[in-house]
Amino acid sequence: CTKDFDSKNINPVKVVEITPQELPFLFSKAEAAASYTGGDYQVAQNLFADLYAQYFATTATYFPSDRYVMRFDWVRTHWTNHYTQTVPQLQTIFAYTDKDSPEQALAHIIWAFAFQRLTDYYGPVPYFQAGQPLTSIPYDPQDEIYDDLFKHLDTAVTILAANTSAKPFGSFDLIYGGDAAKWLKFANTLRLRLALRVSMVDPSRGKTEAEKAVAAGVMTTTADDALMKKSATVTTDGNGLSTIAGWNEFRMSAAMESMLRGYKDPRMPVYFQPAIKTGEYHGVRNGLTAAQLNIQQNTNDYNSNVGTRWMGWSAADNKWVNIYGTSQNILHCAEAYFLRAEGALNGWDMGDDARQLYETGIAMSMRQWGITDEAAIAAYVSSTDTAIAPGDQQHSPAVTKALIKWAASEELQREQIGTQKWLALYPDGFEAWAEVRRSGYPHLYEVVQIDNADIPAGTAIHRIPFIELEKQTNGAAVEKATTLLKGPDNASTLLWWDVKE
Amino acid sequence: RATNRTLKNNSCFQDTSAPRITVKGRVTDGQSPLPGVTVREKGTNKGVITDGEGVFTITVKSNATLEFSQVGLNTVYEAVAGRTSLSVTLEAATKGLNEVVVTALGIRREAKTLTFSAQKLDGAKLNEARDANFVNSLSGKVAGVAITQSASGPGGASRVVLRGNRSIQGNNNALFVVDGVAIDNSTPDQLGSDFGGYNGSDGAANINPDDIESVNIMKGAAAAALYGSRAANGAIIITTKKGKSGSTSLEYNGGVAVENPFVLPKFQNTYGQGNGGVYAANASGSWGSDTTTYADNVKSFFRSALTLNNAVAVTGGNEKTQGYISYANNRIEGIVPGNDLKRHTVNLRLNTQLSKRFSTDAKLTYVNQEIDNKPRGGEENGLIIDLYKVPRSVSADQLKNYETTNASTGQPVPLYWIPSSSIYMNPYWMANRTSYDETRNRIMALGSARYEITPWLSLQGRYTLDRYADKILNTYNNGTLLFAQPGGSMTVGFRDVTERNADVLLSGHNNLGRQLTITYNLGASDLVRKNSYSATTANGLNIANKFDLLYASARSVTTSSVDRDLQSIYGSANIAFKDYLFLDVSGRNDWSSTLPKPYSFFYPSVGLSAIISDIATLPSWVTFGKVRASYTRVGNDADPYLLLQTYTYEEGGSSGYIRRDATKAIGDLKPEQTTAWEAGLEWRFFNSRIGLDVTLYKTNSVNQLLRLALAPASGFDDQYINAGNIQNKGIELTLNGTPIKKEHFQWDVTLNYAVNTNKVISLSPDIKQAVLGGNSFGRTATPIVKEGGAYGDLYATRWARDANGNFLVDDNGKPIGTSTTAYIGNYNPKYTLGLTNTFTYKNWSLSFLIDGKVGGVMTSGTEATMAFDGTAAYTTKYRDGAWVLPAVVQSSKEVNEKAIDAENFWTTVSGGRYSWGEFFVYDATNFRIRELSLGYHFRLKPNGIFKAAKVSFVGRNVLFLYRGSAKLDIPGIGKRKMNFDPDVNLGAGNFQGIEFGNLPTTRSLGLNLKLSF
């Protein structure tokens, strides 16, 4: 009597067959998984890239990653989520939709967006054979990965340019609700980002790709901005930063404080909120020891948490209140202007001159964060205010000498672009850390204590080493991959595009 | 047995020419007639069975000898000597020699015929010094039984492992069988990480110990081959009481006990809240100044918990019908205020002998259990961690002031001694303003009918149902950190578990010649198991603290479902040669719905035993001697739904998400296999005054269904594969004796000893290690299964050493932790010992059980937390001074000269929540007086109201005789004593060896009264 055994053995609470009905749900997943939420946001991004970009500093005594100690069991989340939550969904869409469909174009863009975030942590990663059910997946060199990312964008742009009024995935596209025209600008802006990333190691490729992007149309107004819809009621799908900022484990960095307060930046009350105890904006140096963190001035209530768009404070209940429904920042037109400004300094055709692009970038960032006082924006752009000594417990000096007002020398201009882009990219630590490494800007503090023997005193972290999990499950491939690096497999070795002296 | 031997000799001289006569007789047990007794002419195959009145008629030679036998009774030989009427009395088998045990499928067998190891316990040994979970009262009483409790207060699940762990990711718990039928003993929701949470209850804890007649523990797979896969971990076979014919009797068993924490950590009582020797209002630790402290602020949190157990049972019946009805009421308080367990158990049993050949057995058990306020275990805002984090300078009174009122809403707002924690709260808030309540209603029903087709062949049909419904309500008041969104949070979960089994069994016995008899069973069964769970969470309530889903501001739902069917046919045969050589063979074929076509797997067993004392002439001081050996293979199916690749729907996004599950399905799933060898001896000497039972065994579990990590770049985190070979080898020894046996005084002693060695022989061709319990975020240590290692190996961050083994420190003289984790010990004990001594003097009896575990380690996240906070007693050393660690400076390779103070040292190595496990790993060796009972039997008049009365003073976990210490000898600090009970684990799953915020075990002292009317 085994005739009903097969039907009995189908899990009623799971989906076991993918039909056209399920594909939009898969796209939503791939898109959302390419950035993070909840505890994943913390261990994939906040405890690494966000700290290494010095947006935040750790205040919890038990998180050593701010002292450059690699916790592979945490950082692996970026790896496993990427390969198991983004890649399989995209590959299913590649397999189940028409090659020229706008749906396929969106999948190509998310593919490029997500893989760039991954490869910029490690350098070589499994790429060309990713998603194959093999026991060992080889790593590919970062230059070849970047080359292929451009190709994915080529495909996407070709399809979208022919379908600008299409609505792929409709409301299941959590960024643009399926607006193909906006995705086209997104794809071009992403191409511009990639172009600048390779611009120092491969200037001619950088130029070609950047000019191609600008010619095809990058984001130009805040209406083009990419924000991901987040759920106000499903706490597992809330804004990543909103989910974790109530845990009292990090605060504003001293670098942020030095610049935001020094520049009298209108974005300060948006990015952060005053400390509970003092009512003032204060930050903490990165890399403090447990003993230093126990000193009152370095503790949570004496320093600034993220702004109220992410986190509310209920004095009556003595408790942080998550604002889960805040949209997550993905890609913004301000960045496009800063990228073009740098391109213009490189002598590329970016459609405008560097200064104009730089100043528009600042203005766009302000508008993006709801600052509408044009006079205040204009005053900021021409300001000669300097970053200040934050008055922290470490008696740190001002973090940078960079001014906002357009400087005369090209190198200072590059620093200004890097500094303002860093301010504008907040809270995207992934991109900010990558650009700090590539461009060397802005100047940031040395971490107070380095507990990682691979990173010499006075230097900064350049890379996440290959994770322990990979050594256990994909050991042979990891061993081969180390030969693709420019140095040993540690946190000091520079990535392929990281060539600035 | 002496008579037996005489008769055997006599039979050689039988006169074959004697005349034949018809003998009629009646067999009784002294009072009642005995139906079903085999009456056989000695030396022939001729035999009859007594009828319902115990009457038989047989025609034999006038000088024949008749053999009267029935399982469970002493065989009697009676010479006919020309008589035509006989009256024979059979007595119950004396202890040990002809003891009857209940084996697979409820088949009763004489212990001497068994080819495998089985250890029997009398029910009375389990219901005196009680535990809320009766399973825990098996500890120390049986060789090779390892019991760990989960840290969840009364009603928490227990883990029962026989002969070592064999399954890496599956269940290692023994199977529980009640009256021949396996019951559900699933242990859902066991903590699999030190993050924390609530442990679910198990199924076995619902068994009322007062209803237990006897327990037979069949430790190996051999014993249980006929129960199918689930018995691969061994089986605990419980026989419950049934009615007896004769006069009606009533029994009462009542107990009252008081429970207090058995062992609490040692706190320092010198320094108060602060850092660096200075008071700081925002500090969470106790590294402040020498100030007023409160030694009792932790202890006063716990209450003296009262336990009340009351059970009555009425039995009665006549020859046709016997009944048993019992009711038990357990009211058990936990030591955490508000944590209670209330249980009602009603049990009805009816046996009938409808005709000479047709009998029935029906049983209905109903259990209603409510557990209120189960304490939250683990690290994150767990009750115990919250409590132990209280600075030493915070008084119990300040602590009890755990809330204030929000003036605008009238709702409570938590108070904490520091304002900015995001994780920890006042433990009184957690005890009073959060709750986890579990209600269970369970019905176990059995109906069985037996028909004797011929005197030697019977057919039995049976239907059983085990069904329970759990309701779990978990609430967090508005303001609870981590768990409550505005308004508060609640989850209500419903679990519905059904296990239904229908089986038929054909049993017979025949003589195959003069000296050969065969007993055989042929059966078929259909086992259906269903389990559904759904939980709705409202994290955020529109009206604060209104805990009904109606008020949800956001709702989320999780569901799961299991539906599986196992169909089996099986057979066994026991061939006896001359009543001293026994051969067992069995075979079983299962068809499981969880496997791919053809769904089928077969597994056999074979065993042999020989009663040496009957075969050979041994010295007279040898009472009994037996050797046995068996070989078994047990197959095992898998969980359902593993064959097809699945995708999961998640809430959120636009209308939800779908993602492919990160576990790769296994379309060609094969059944797991365990092969087990065992050999043993059973000897009794000096008229059974000394008994020895030794078993050697070896089991290999191969083809295990493992979820092993894949390179995530493949798109999967892990995959199911059939692989691995886990080996357990061991020795079990039971020695019992009666050193003194006088008219008024007797001393009985039983020693159980077991040693088990586990080895992970292979895992898979590609993957050489896997995490046990499924979580890689070990905050103190992680159990890892590695090829070449052993099950239960723990890995953690260690103190880094140079090539010469010197400790390494940094430029400031602070210890350096290893960058990767390394082996720090194995959580399984090397061997276990249980020693029971019973003294009886006239009406008094004194009994105590010493339970010991030697070897094995446990890491304590609680200790790490206390070290970080400076609340542990050992953190007072080097506070006002500092010490230079004898170590090498990593950067310079020079000898360390930098001094370090206690605060710097302990905060470095404990790291707060993620500690260097090596510093907090303890040798789990411990010996304790597990049970103590002093009883008095009243002398009663023969015709009084009471037939028997016994009052006893009982204790559990009376005292530790020995406790291990920290494994790491920290220079200048030494080895710290283990101040927790290593018997308790976070959960009852495979994630073991880790203590983090475990509720302390309790010492229980009480009185027990047994009365028979």
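Everything numeric here is computed off the predicted structure, so don't read it as measured data. (Residues numbered from 1 in each chain as written. Chains lettered and ligands numbered in written order. Predicted model: local features only at pLDDT ≥ 70, side-chain atom pairs only at ≥ 80, totals over all residues. Heavy atoms only, no water.)

> I'm lost on the overall build of chain A in this one. Help?
Across its full length, chain A carries 20 helices and eight strands. Its C-alpha radius of gyration of 22 Å places chain A within 12% of the 23 Å reference for a compact globule of 501 residues. Principal-axis analysis of the C-alpha atoms places the extent of chain A at approximately 75 × 55 × 50 Å. Taking all 501 residues of chain A together, the buried fraction comes to 66%. Within chain A, residue pairs in contact and separated by at least 24 positions form 74% of the contacts whose partners lie at least 6 positions apart. Put simply, chain A shows about 16200 Å² of open surface, and 52% of that area lies on carbon and sulfur atoms. When the 43 positive and 58 negative side-chain charges of chain A are each reduced to one mean point, those points stand 2 Å apart. (Helix = DSSP H or I, 4+ residues; strand = E, 2+ residues; numbered from the N terminus. Rg over C-alpha atoms; globule rule 2.2 N^0.38 Å. Buried < 20%, exposed > 50% of the residue type's maximum accessible area, 1.4 Å probe, protein only. Contact = heavy atoms within 4.5 Å. Areas by Shrake-Rupley, 256 points an atom, 1.4 Å probe, with all protein chains shown as cover. Lys, Arg positive; Asp, Glu negative; His and termini not counted. Charge placed at Lys NZ, Arg CZ, Asp CG, Glu CD.)

> Any chance you could explain the overall build of chain B here in plain terms?
On a plain count of helices and strands, chain B comes out with seven helices and 55 strands. Over its C-alpha trace chain B gives a radius of gyration of 31 Å, about what one expects of a compact globule, namely 31 Å for 1013 residues. Taken along the three principal axes of its C-alpha coordinates, chain B extends 105 × 65 × 65 Å. The 1013 residues of chain B split such that 60% are buried. The contacts of chain B with a sequence gap of at least 6 include a subset with a gap of at least 24, amounting to 68%. Looking at chain B as shown, the accessible area adds up to about 37600 Å², and 55% of this sits on carbon and sulfur atoms.

> Would you take a moment to explain the side chain of B:T498 for this structure?
Residues and elements named next belong to chain B. Structurally, T498 can be placed in strand β26 (residues 489-511). For T498, a relative accessible area of 16% puts it in the buried group. The contacts of T498, once residues within four sequence positions are left out, are L465, D466, R467, V528, R529 and K530.

> I'm lost on the interface of chain B and chain A in this one. Help?
By a widespread convention, an interface's size corresponds to the accessible area lost as its parts come together. With 81 residues of chain B at the interface, the matching set in chain A holds 75 residues. Interface of chain B and chain A: buried area, both sides summed, is about 6500 Å²; carbon and sulfur atoms make up 56% of it. Interface area lost by chain B to chain A is led by B:Y647, B:Y657 and B:I658, which between them contribute 10%. In this assembly, chain B and chain A are joined by four salt bridges. Between B:D563 and A:K8 there is a salt bridge, with the nearest N and O atoms lying 3.2 Å from each other. Listed by contribution, the elements that provide at least two residues to the side of chain B that touches chain A are β28 (556-577), β29 (581-592), β32 (647-650) and β33 (657-660) of chain B. By residue number, the principal contributor to the side of chain B that touches chain A is β28(B), which donates seven residues. (Buried area = accessible area lost by both parts, 1.4 Å probe. Salt bridge = Lys/Arg side-chain N within 4 Å of Asp/Glu carboxyl O.)

> Can you walk me through the confidence of the model for chain B in this structure?
Low pLDDT means the predicted atomic positions in that stretch should not be read closely. Per-residue pLDDT for chain B has a mean of 87; in total, 94% of the residues score no lower than 70. Within chain B, helix α1 (residues 2-11) of chain B has the poorest average pLDDT of any element, 38, and strand β50 (residues 921-923) of chain B the best, 97. (pLDDT = per-residue confidence, 0-100.)

> Even after reading the chapter, I still don't get the domain arrangement of chain B, so can you show me in this structure?
Residues and elements named next belong to chain B. Domain annotation for chain B reports domain 1 (2-89) and domain 2 (246-265 + 300-869 + 909-1012). Tallying the contact residues gives 11 residues for domain 1 and nine residues for domain 2. Each partner contributes to the roughly 830 Å² buried at the junction of domain 1 and domain 2, and carbon and sulfur atoms together form 42% of this total. Viewed at the interface, domain 2 and domain 1 are joined by zero salt bridges. Viewed at the interface, domain 2 and domain 1 are joined by zero residue pairs in polar contact (both at pLDDT 80 or more). Put simply, the parts of the chain that give the side of domain 1 that touches domain 2 at least two residues each are α1 and β2 (38-41). Of the residues that constitute the side of domain 1 that touches domain 2, the class distribution is two nonpolar, four polar and five charged. (Domains from an automatic or database assignment. Polar contact = N/O pair within 3.5 Å; in protein donor to acceptor, adjacent residues only side chain to side chain. Nonpolar A, V, L, I, M, F, W, Y, C, P; charged D, E, K, R; others polar.)

> Which parts of the structure should I look at to understand the nonpolar core?
Side chains of nonpolar character tend, in soluble globular proteins, to be buried together. Residue and element names in this part refer to chain A. Counting residues in each nonpolar core, the largest one holds 196 residues, and the members touching the most others are F115, Y122, F186, L192, M256 and W422. In terms of residue count, the dominant contributor to this core is helix α6 (residues 102-122) (13 residues). Those residues within four positions of M256 in sequence are excluded, and the remaining contacts are Q54, Y55, R261, Y271, F272, W422, L423 and Y426. (Core = buried A, V, L, I, M, F, W, Y, C linked by side-chain atoms within 4.5 Å.)

> Looking at this model, I keep getting lost on helix α2 (residues 23-33) of chain A. Mind explaining?
Because an α-helix completes one turn every 3.6 residues, residues spaced three or four positions apart along the sequence face the same direction. Taking burial as the measure, the 11 residues of α2(A) include 11 buried ones, the bulk of the element. Of the positions making up α2(A), those classed as buried are A:L23, A:P24, A:F25, A:L26, A:F27, A:S28, A:K29, A:A30, A:E31, A:A32 and A:A33. Elements in contact with the buried residues of α2(A): α5 (72-96), α6, α8 (180-198) and β4 (226-228) of chain A together with β32 and β33 of chain B.

> How do you make sense of the pattern of salt bridges when you look at a structure like this?
Between side chains of opposite charge, a pair can form when the charged atoms approach closely. All names here are of chain B. Evaluated as defined, the whole model comprises 75 salt bridges over all chains. Between E380 and R779 there is a salt bridge whose closest N-O contact spans 2.9 Å. Placement of E380 in the loop between β21 (358-372) and α2 (383-388) and of R779 in the loop between β39 (769-771) and β40 (782-786) is noted, with a sequence separation of 399 residues between them. Judged by relative accessible area, which is 7%, E380 ranks as buried. For D470, the salt bridge is made with R440, and the minimal N-O distance between the two is 2.8 Å.

> Looking at this structure, how should I read the sheet that holds strand β7 (residues 85-89) of chain B?
Across a sheet, strands are paired by hydrogen bonds formed along the backbone, either parallel or antiparallel in direction. All names here are of chain B. The strand order β4-β1-β7 describes an open sheet built from three strands, whose pairing is mixed. Two strands bound the open sheet, and with one partner strand each, they are β4 (55-61) and β7. Strand-to-strand, the axes of this sheet are offset by a mean angle of 30°, without reference to chain direction. Strand direction decides the pairing type here: strand β1 (residues 20-28) and β4, joined by seven bridges, are antiparallel. Looking at β4, one finds that R26 is bridged to V55. (Pairing = 2+ DSSP bridges. Axes fitted to C-alpha atoms, helices over the stretch in contact; angles between N-to-C directions.)

> Help me understand a nonpolar patch on the surface in this model?
All names here are of chain B. Residues V256, V258, L306, L308, Y841, W844, L934, F953, L1005 and L1007 make up a contiguous nonpolar surface patch of about 820 Å² in total accessible area. For the nonpolar patch, the secondary structure elements donating two or more residues are β17 (246-261), β18 (305-317) and β55 (1002-1012). Assignment of secondary structure puts L306 in strand β18. (Patch = residues over 30% accessible without salt bridge, like charges linked within 9 Å, V, L, I, M, F, W, Y side chains within 5 Å.)

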